[in-house]
Amino acid sequence: MEIKKVQVEFSSQELRRLMIPLVIEQLLTIAVGLLDSIMVSQVGEAAISAVSLVDTVNVLLVSAFAALATGGAAIAGQYLGRQKREEAGHSGEQILLFMIEVSLLITAVFYLGKGFILNVVFGQVEADVAAYANTYFIIVEASIPFLAVYSAGAALFRVMGSSKISMWVSLAMNILNAGGNAILIFGFHMGVEGVAIPTLLSRAFAAVAMLVLLRKPGMPMQVEKLSLKHDGRVIRNILHYGVTNGLESSMFQLGKILLLSTVAVLGTASVAANAISNTLCTFQCVAGNAIGLGIVTVVSQCVGAGDYEKARFYTKKLLKMAYLFMFICVVLVYFATPLALRLYNVSEEAERYAYQIIWMHGFFGFLIWPLAFTLPQALRAAGDTTFTMVVSSVSMWTMRVGFGILLGRYLGFGVLGIWMAMFVDWAMRIAFFLPRFYGHRWELKGLEQV
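For clarity, every value in this text was computed on a predicted model and none was experimentally measured.

Analysis parameters
Residues numbered from 1 in each chain as written. Predicted model: local features only at pLDDT ≥ 70, side-chain atom pairs only at ≥ 80, totals over all residues. Heavy atoms only, no water. Helix = DSSP H or I, 4+ residues; strand = E, 2+ residues; numbered from the N terminus. Rg over C-alpha atoms; globule rule 2.2 N^0.38 Å. Contact = heavy atoms within 4.5 Å. Areas by Shrake-Rupley, 256 points an atom, 1.4 Å probe, with all protein chains shown as cover. Lys, Arg positive; Asp, Glu negative; His and termini not counted. Charge placed at Lys NZ, Arg CZ, Asp CG, Glu CD. Core = buried A, V, L, I, M, F, W, Y, C linked by side-chain atoms within 4.5 Å. Buried < 20%, exposed > 50% of the residue type's maximum accessible area, 1.4 Å probe, protein only. Axes fitted to C-alpha atoms, helices over the stretch in contact; angles between N-to-C directions. Parallel < 35°, antiparallel > 145°, perpendicular 65-115°, else oblique. Left-handed = near helix turned anticlockwise from the far one by under 90°. Patch = residues over 30% accessible without salt bridge, like charges linked within 9 Å, V, L, I, M, F, W, Y side chains within 5 Å. Salt bridge = Lys/Arg side-chain N within 4 Å of Asp/Glu carboxyl O. pLDDT = per-residue confidence, 0-100. Expected span 1.5 Å × (residues − 1). Bend = angle between axes of the 7 residues up to and from the residue. Polar contact = N/O pair within 3.5 Å; in protein donor to acceptor, adjacent residues only side chain to side chain. Phe/Tyr/Trp six-rings, centres within 6.5 Å; stacked < 30°, edge-to-face > 60°. Lys NZ or Arg CZ within 6 Å of the ring centre and 35° of its normal. Nonpolar A, V, L, I, M, F, W, Y, C, P; charged D, E, K, R; others polar.

**A few points about the overall build of the chain**
A count of helices and strands for the chain gives 16 helices and zero strands. Taking 2.2 N^0.38 as the reference for a compact globule, 450 residues should give roughly 22 Å; the C-alpha atoms of the chain span a radius of gyration of 22 Å, in line with that estimate. Each principal axis of the C-alpha distribution contributes one length, and for the chain these read about 60 × 45 × 35 Å. In the chain, of all internal contacts separated by at least 6 residues, the share reaching a separation of at least 24 is 86%. Entry remark: accessible area of the chain is about 19700 Å², with carbon and sulfur atoms responsible for 67%. Both charge centroids of the chain, one from 32 positive and one from 27 negative side chains, sit 8 Å from each other.

Now the structure itself:
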């Protein structure tokens, strides 16, 4: 059924108010994460190894919940575009209910399968590492439902255009986490408990804060209560928008984890260079990631209003912004790289590899990364999530993983070959996403008029 157009406008000032807090939030999260890892290192090598092992699984959850919530929140965004605030609020209630139920199920599976995860997935590790991992796992996995609620709340605030609220809650959560680590590790000389407890408490705080703030009067939409009743129509939309988005993100993270085993056989210098490059290259992409989140807000409202010309217009405008800010981030990382490598104090071989990777990533990142990762957020916001999931998954497993293993292990390119394959992965995504965006099939994927 044809959707009656509703006027949706975003001024340049409104776009800046939306995007700047998102960029700051992304930067703060990465910066606090680095500070966190430095403090964890003071506990000892066994503790570092244990936390790192458990977090390889947790990073899947963090990215999956964020993607699931962002996809689900696009539903509320489309209702806001139609100026149906009650329906948007109701969708928000259903998203929270869905996220809580999924997270409780995952938490139960994690605790029941703890032995399998720690002993089989992680393999044979030293006794002290295994003991630390068990302690960290028991405490941190209790935060899974809180993480899910926080992710849902943050996505809903972003889709309302109130990104400043999600930024402040994220800042408070990260400060509590880092501050708690400092107090328990340096003040009370605790082990991995000093790392795990602040994570649990900070996520609980963030979840409660989101639930309280979502009821705040005067917001574009309100989640007045935490409903326990399922709305089949909304849940079907969440499954379509959110679950495909979450699966895509999980597959992406899983592929990255599997590639670590390939890097591991290339030698210590390659492992060190890959780890350093992953950290520094994240800063190069921070603006593109943030603006991609903003595109979900803008495009979902335009699609809800039935104005696809505006959706295209704002997507192109925000892509230009992504290129500008990404150029700035790339240049800043280039200047910071020599100092960062001195702080890591690695071998000359690892330093040389890291330099090459960071320069390659910066060049190709500025050239094509926004088209490969920022642009498809517009398609996801419009509901074209199955297409983006299939393209991203196929490209990831054939190019980044398959071609990466071929270049890295069998054709002699080493760790540089794995990163080269990643750039080919980006190009393959663009070959599908760009024609899709300029076509019209994604315009048929929005919510039905109700």
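**Section: the nonpolar core**
Counting residues in each nonpolar core, the largest one holds 132 residues, and the members touching the most others are M99, Y136, L156, V298, L318, W426 and W442. Top contributing element to this core by residue count: helix α2 (residues 45-81), with 16 residues. Those residues in contact with M99, other than ones at most four positions away along the chain, are F65, L68, A69, A148, S151 and A152. Membership of the second largest hydrophobic core comes to five residues, among which are V263, M396, V401 and I418.

**Observations regarding unusual backbone geometry**
The phi angle at Q83 is positive, at roughly 65 degrees, despite the residue not being glycine. Given a relative accessible area of 57%, Q83 falls into the exposed group.

**Some details on the packing of helix α15 (residues 385-410) against helix α16 (residues 414-438)**
Close contact between α15 and α16 brings their axes to 8 Å; oriented N to C, the two are set at 155 degrees. It follows from the interaxial angle that α15 and α16 lie roughly antiparallel. Along this stretch, α15 crosses α16, giving a crossing that reads as right-handed.

**A look at a nonpolar patch on the surface**
Residues L324, F325, F327, I328, L332 and F366 make up a contiguous nonpolar surface patch of about 550 Å² in total accessible area. Here the element with the most residues in the nonpolar patch is helix α12 (residues 308-344); it accounts for five residues. Note on placement: F366 falls in helix α13 (residues 348-374). Accessibility expressed as a relative area gives 31% for F366, which makes it partly exposed.

**Here we look at the confidence of the model for the chain**
Here the chain averages 86 in pLDDT, and 95% of its residues register 70 or above. The lowest-confidence element of the chain is helix α9 (residues 232-264), averaging 78 in pLDDT; the highest-confidence one is α16, averaging 94.

**Let's talk about helix α8 (residues 193-213)**
Compared with an ideal rise of 1.5 Å per residue, which puts 21 residues at 30 Å, α8 spans 30 Å between its outermost C-alpha atoms and is within 8% of the ideal. For α8, the set of buried residues is G194, V195, A196, P198, T199, S202, R203, A204, A206, A207, A209 and M210.

**Side note on α12**
Along α12, the sharpest change in direction is near 45 degrees and occurs at T337; proline P338 comes one to four residues later. Measuring from the backbone nitrogen of E309 back to the side-chain oxygen at the start of α12 gives 3.5 Å, which picks out D307 as the cap.

**Re the packing of aromatic side chains**
Tallied over the entire structure, the rule returns 17 aromatic pairs. Among the aromatic residues, those joined into a cluster by ring pairs are F252, F363, F364, W369, F373, F423 and W426. For the cation-ring pair, R312 lies above F437, with the distance from its terminal atom to the ring centre recorded as 5.6 Å.

**What about the pattern of salt bridges?**
Using the criterion set out here, one finds seven salt bridges in the structure. A salt bridge links R233 to D231; the nearest nitrogen and oxygen atoms lie 4.0 Å apart.

**A look at the side chain of S277**
Summarising the element assignment, S277 is placed in helix α10 (residues 268-284). Classification of S277 as buried rests on a relative accessible area of 0%. When residues no more than four places from it in sequence are discounted, the contact partners of S277 are A354, I357, I358 and W419.

**Considerations on the packing of helix α6 (residues 144-160) against helix α7 (residues 163-187)**
The relative placement of two packed helices comes down to the angle between their axes together with the axis-to-axis distance. It is the contact of α6 with α7, at a shortest axis distance of 7 Å, that shows an interaxial angle of 150 degrees. The angle between α6 and α7 falls in the class roughly antiparallel. In this structure, α6 crosses over α7, and the sense of that crossing is left-handed. Every residue of α7 that contacts α6 at Y150, A154, F157 and R158 is listed here: S163, I165, S166, V169, S170 and M173. The class makeup of the residues in the contact of α6 with α7 is six nonpolar, three polar and one charged.

**Details of the side chain of S163**
Along the chain, S163 turns up in helix α7. For S163, a relative accessible area of 0% corresponds to the buried category. Discounting residues that sit within four places of it in the chain, S163 has contacts with R17, L18, P21, L22, E25 and F157.

**A word on the environment of D384**
Its place among the elements puts D384 in the loop between α14 (376-381) and α15. Along the sequence, D384 and M399 sit 15 residues apart, while their C-alpha atoms lie 22 Å from each other. With residues near it in sequence (within four places) discarded, D384 still touches L379, R436, W442 and K445.

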